[in-house]
Amino acid sequence: MPIFLSSFLPSRPWLAASASTLVFTAALDARAQTYPPPQPPPPGYAQPGYGQPPPGYGQPPPSYGQPPPSYGQPPPGYAPQPGYGQPGYPGYGQPPPYGQPYAPPPQAPSKSDKRGPEEMSFLYGMSIAYGVGTGIWIDALAKASDPGIAILGPIAFGAAFPIGVYFWDDYSRFHRGVPSSMATGLALGAVEGIGISGVHWQHTGGGHISSAGFQGYSTLTFLSATGGGIGGYAFGEWLRPDPRSLAFIASGSAWGAISSSFLGAGAGTGDWKDAASIVGLIGYNAGIAATGALSTVYVPSYNSLKYMWLGYVAGTALSSVVYFFYIGSDANPRHGLIANAAGGLAGLGLAAVLSADMTDDGDARHAEWNPPFQLGMTPPPALPGMSTSSSPSGTMISAYGQF
């Protein structure tokens with residue numbers, strides 16, 4: 001029927017309207033047959049109160065917004081401690097008035113990670129020595145022979161380097177331990193260069209140092225001092241050591257050099273100076289390595305360092321009684337230097353143990369070493385648009401820390 005009507009719609013408008021009405025009525029009858037018949041209302045419908053909120057609905061309870069009766073009161077049997085809530089602890093531990101924000105007790109200020117004023121004095125002194133040495137090295141390369149001209153380099157560089165350090169620190173304040181580490185590195189590097197030069201000079205016959213030889217030795221010393229200063233800066237920024245740790249490392253280098261020189265001179269054959277120079281240089285570096293490793297876990301106090309030196313000197317002196325036994329003996333008394341080396345180290349170790357608990361103004365003796373960065377390994381996260389089951393396989397390594 002709809003197909004027949006649609007073919008006559010252009011010439012029968014009234015018929016099209018009648019057909020549309022018929023089709024719409026038929027559709028409503030068909031839709032009405034698909035739904036269940038209407039159900040009677042539930043019991044109690046249209047009764048008084050049906051569909052109305054219960055009495056008091058939406059109203060706050062009578063005690064809403066009021067604190068409980070025991071709020072702010074101590075529990076039964078509570079006895080405050082002496083000094084609790086007294087001056088010095090104003091209001092500490094007491095609840096704030098109802099409706100007022102809670103203010104926690106003030107916290108102690110955190111310790112600054114910037115350098116102290118005493119560290120800069122050490123760095124200024126070493127920078128002056130480094131500047132003077134730099135001027136001497138330049139004079140050696142230039143073969144300056146006029147004293148009035150040659151003195152200009154040490155004066156100029158001896159003043160320029162500490163001034164540069166001042167402006168560097170003024171622009172960006174050094175971190176704690178960095179100035180001491182730089183100064184210690186300059187000193188240890190310079191002594192390293194002098195020691196290597198001395199070994200070379202001893203094993204090449206000694207005697208007068210030529211102009212070319214002085215140029216080589218001064219160049220080596222300048223380079224080793226510069227490398228020590230750079231290494232000290234890196235060491236300080238990485239570990240942020242306590243200044244007492246740097247004093248411990250410098251002392252270790254001296255203990256190692258002196259004891260090793262005694263040992264080499266006493267045990268060496270032939271020219272004792274040859275063995276003393278080589279073994280002394282080895283002991284110098286061994287002392288730096290040993291105390292440097294210990295400084296990562298242990299920080300001796302200045303009082304403890306003082307007694308370590310006293311113990312070392314006392315042990316070396318007391319061991320000298322061995323020379324009395326060489327009186328009337330055909331043995332070589334130079335071998336007594338071996339006893340001096342052992343006695344000094346023994347006195348050092350004994351003093352270190354006995355003074356281990358000494359502190360400076362209540363400071364802790366043990367260093368808390370933290371690596372410069374941490375490594376973490378986790379599964380890779382799912383990429384955008386990918387499900388968890390289809391996330392990339394493997395392991396993701398991440399590094400985080402303070403640089």
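This text follows the structure it describes.
Reading guide: rules and limits
- Residues numbered from 1 in each chain as written.
- Predicted model: local features only at pLDDT ≥ 70, side-chain atom pairs only at ≥ 80, totals over all residues.
- Heavy atoms only, no water.
- Axes fitted to C-alpha atoms, helices over the stretch in contact; angles between N-to-C directions.
- Helix = DSSP H or I, 4+ residues; strand = E, 2+ residues; numbered from the N terminus.
- Parallel < 35°, antiparallel > 145°, perpendicular 65-115°, else oblique.
- Left-handed = near helix turned anticlockwise from the far one by under 90°.
- Contact = heavy atoms within 4.5 Å.
- Nonpolar A, V, L, I, M, F, W, Y, C, P; charged D, E, K, R; others polar.
- Phe/Tyr/Trp six-rings, centres within 6.5 Å; stacked < 30°, edge-to-face > 60°.
- Core = buried A, V, L, I, M, F, W, Y, C linked by side-chain atoms within 4.5 Å.
- Buried < 20%, exposed > 50% of the residue type's maximum accessible area, 1.4 Å probe, protein only.
- Expected span 1.5 Å × (residues − 1).
- Polar contact = N/O pair within 3.5 Å; in protein donor to acceptor, adjacent residues only side chain to side chain.
- Salt bridge = Lys/Arg side-chain N within 4 Å of Asp/Glu carboxyl O.

A. Focus on the packing of helix 10 (residues 302-318) against helix 11 (residues 336-354). Running from N to C, helix 10 and helix 11 cross one another at 150°; their axes reach a closest spacing of 7 Å. Taken together, the axis directions place helix 10 and helix 11 in an arrangement best described as roughly antiparallel. Judged by the twist between their axes, the crossing of helix 10 over helix 11 is right-handed. Here Tyr 307, Met 308, Gly 311, Tyr 312, Gly 315 and Thr 316 of helix 10 come into contact with helix 11, specifically with Asn 340, Gly 343, Gly 344, Leu 345, Gly 347, Leu 348, Ala 351 and Ala 352. Classifying every residue of the contact of helix 10 with helix 11 by side-chain character gives 7 nonpolar, 7 polar and no charged.

B. Geometry of the packing of aromatic side chains. One pass over the full model with this rule turns up 12 aromatic pairs. Relative to Phe 161, the ring of Tyr 130 lies with its centre 5.0 Å away and its plane at 75°, an arrangement referred to as edge-to-face. Of this pair, Tyr 130 sits in helix 3 (residues 117-142) while Phe 161 sits in helix 5 (residues 152-171), placing them 31 residues apart in sequence. When the centroid spacing of 4.9 Å and the interplanar angle of 70° are considered together, the rings of Trp 168 and Phe 174 count as edge-to-face.

C. The nonpolar core, seen in detail. Residues Met 120, Leu 123, Tyr 130, Val 165, Phe 174 and Met 182 are the most contacted members of the largest nonpolar core, which totals 13 residues. Looking at this core element by element, the count peaks at 5 residues for helix 3. If you look at the next biggest cluster of nonpolar residues, it comprises 7 residues, including Trp 255, Met 308, Tyr 312 and Leu 348.

D. The arrangement of helix 6 (residues 178-203) in detail. In this model, helix 6 (26 residues) spans 37 Å end to end at C-alpha, consistent with the 38 Å of a helix rising 1.5 Å per residue. Where helix 6 ends, the next residue or the one after it, Gly 205, has phi of about 105°, a positive value.

E. Molecular detail of unusual backbone geometry. With phi around 55°, Lys 143 is a residue other than glycine that occupies positive phi space. Looking at where Lys 143 falls in the secondary structure, it is placed in the loop between helix 3 and helix 4 (147-150). Of note, the phi angle at Arg 240 is positive, near 50°, even though the residue is not glycine. Overall, the relative accessible area of 24% leaves Arg 240 in the partly exposed class.

F. Expanded view of the environment of Asn 303. Among the secondary structure elements, Asn 303 is positioned in helix 10. Asn 303 gets classed as partly exposed once you look at its relative accessible area, which sits at 30%. Considered as a pair, Asn 303 and Ser 355 are 52 residues apart in the sequence and their alpha carbons are 7.8 Å apart. Leave out the neighbours within four places in its chain, and Asn 303 touches Met 358, Thr 359 and Asp 360.

G. A look at the side chain of Thr 291. Position of Thr 291 relative to the elements: it lies in helix 9 (residues 272-294). Residue classification places Thr 291 among the buried residues on the basis of a relative accessible area of 7%. Within the structure, Thr 291 has its side chain in polar contact with the backbone oxygen of Gly 287 (distance 2.6 Å). With residues up to four places along the chain from it excluded, the contact list for Thr 291 reads Phe 248, Ile 249 and Gly 252.

H. Spotlight on the pattern of salt bridges. Counting across every chain of the model gives 6 salt bridges. In this structure, Arg 173 and Asp 169 form a salt bridge, with 3.7 Å as the shortest nitrogen-oxygen distance. Taking the shortest distance from any N to any O, the salt bridge between Arg 244 and Asp 360 comes out at 3.4 Å. Residue Arg 244 is found in helix 8 (residues 243-267), and its partner Asp 360 is found in the loop between helix 11 and strand 1 (373-378); the two are separated by 116 residues along the sequence. As far as burial versus exposure is concerned, Arg 244 and Asp 360 are alike and both buried. In the salt-bridge network here, residues are joined through shared partners; they are Arg 176, Asp 242, Arg 244 and Asp 360.

I. Broad picture of the environment of Gly 283. With respect to the helices and strands, Gly 283 occurs in helix 9. The exposure class of Gly 283 is buried, given its relative accessible area of 7%. Leave out the neighbours within four places in its chain, and Gly 283 touches Gly 256, Ala 257 and Ser 260.

J. Broad picture of the packing of helix 6 against helix 9. Following both chains from N to C, one finds helix 6 and helix 9 inclined at 160°, their axes separated by 9 Å at the closest point. Here helix 6 is positioned roughly antiparallel relative to helix 9, judged by the angle of their axes. As helix 6 runs across helix 9, the sense of the crossing is left-handed. For the pair helix 6 and helix 9, the contacting residues are Leu 188, Val 191, Glu 192, Gly 195, Ile 196, Val 199, Gln 202 and His 203 in the first and Lys 273, Asp 274, Ser 277, Ile 278, Leu 281, Tyr 284, Asn 285 and Ile 288 in the second. Residues belonging to the contact of helix 6 with helix 9 are distributed by class as follows: 8 nonpolar, 5 polar and 3 charged.

K. Geometry of the environment of Tyr 298. Residue placement: Tyr 298 occurs in the loop between helix 9 and helix 10. Classification of Tyr 298 by relative accessible area gives buried; the value is 17%.

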